[in-house]
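# Inside the fold
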Amino acid sequence: CYKHGSLRAAVVMTWNIAFSHLCDHVLAKRLADFNARWKQTYPGHHKNQTLTIVTFDDFNDHLKESQVLTICRSAGIISKNIHGIMEFALRKRNTAAHPNAVIIDSVQADAFISDLIRNVVLKIA
């Protein structure tokens, strides 16, 4: 996307990489912590039945991306700094993904991509 000048799409796709990486990390290494903290952070989600994340699709089926970030921060899966980076990036992604007059230039896309890859994808192991 970036190479062909589709900078809005590059922002969206980079967010997808970072968020997917976080979800994969939770599934592989911190699932019990995530599910336990979910019950504490959002008890209303579990009124009728206790919900758990088991598969990748469960994140999308039960939670908003911002809620996943909040639970991960609360459970100590991501640091305060990574949470802040991802929270800001989610807002930027939302701006890029929806029709509006906001311009995303190569400088902004470069910074967005660098921030998420260097400070999220490469830090969450």
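Residues numbered from 1 in each chain as written. Predicted model: local features only at pLDDT ≥ 70, side-chain atom pairs only at ≥ 80, totals over all residues. Heavy atoms only, no water.

### Points about the overall build of the protein chain
Helices and strands together make up the secondary structure of the protein chain, namely five helices and zero strands. The order of α-helices and β-strands along the protein chain, N terminus first, is α-α-α-α-α. Within the protein chain, the fraction of its 125 residues that count as buried is 36%. Considering only residue pairs separated by 6 or more positions, the protein chain has 71% of its internal contacts joining residues 24 or more positions apart. With an accessible surface of roughly 7200 Å², the protein chain has 53% of that area assigned to carbon and sulfur atoms. Of the charged side chains in the protein chain, 15 are positive and 10 negative; the average position of the first set lies 6 Å away from that of the second. (Helix = DSSP H or I, 4+ residues; strand = E, 2+ residues; numbered from the N terminus. Buried < 20%, exposed > 50% of the residue type's maximum accessible area, 1.4 Å probe, protein only. Contact = heavy atoms within 4.5 Å. Areas by Shrake-Rupley, 256 points an atom, 1.4 Å probe, with all protein chains shown as cover. Lys, Arg positive; Asp, Glu negative; His and termini not counted. Charge placed at Lys NZ, Arg CZ, Asp CG, Glu CD.)

### Structural notes on helix H4 (residues 80-97)
The end-to-end C-alpha distance of H4 is 25 Å, a good match for the 26 Å that 18 residues give at a rise of 1.5 Å each. Among the residues of H4, Ile82, His83, Ile85, Met86, Ala89, Leu90, Lys92, Arg93 and Ala96 are the ones counted as buried. Buried positions along H4 lie against helix H1 (7-41), helix H3 (65-74) and helix H5 (106-121). (Expected span 1.5 Å × (residues − 1).)

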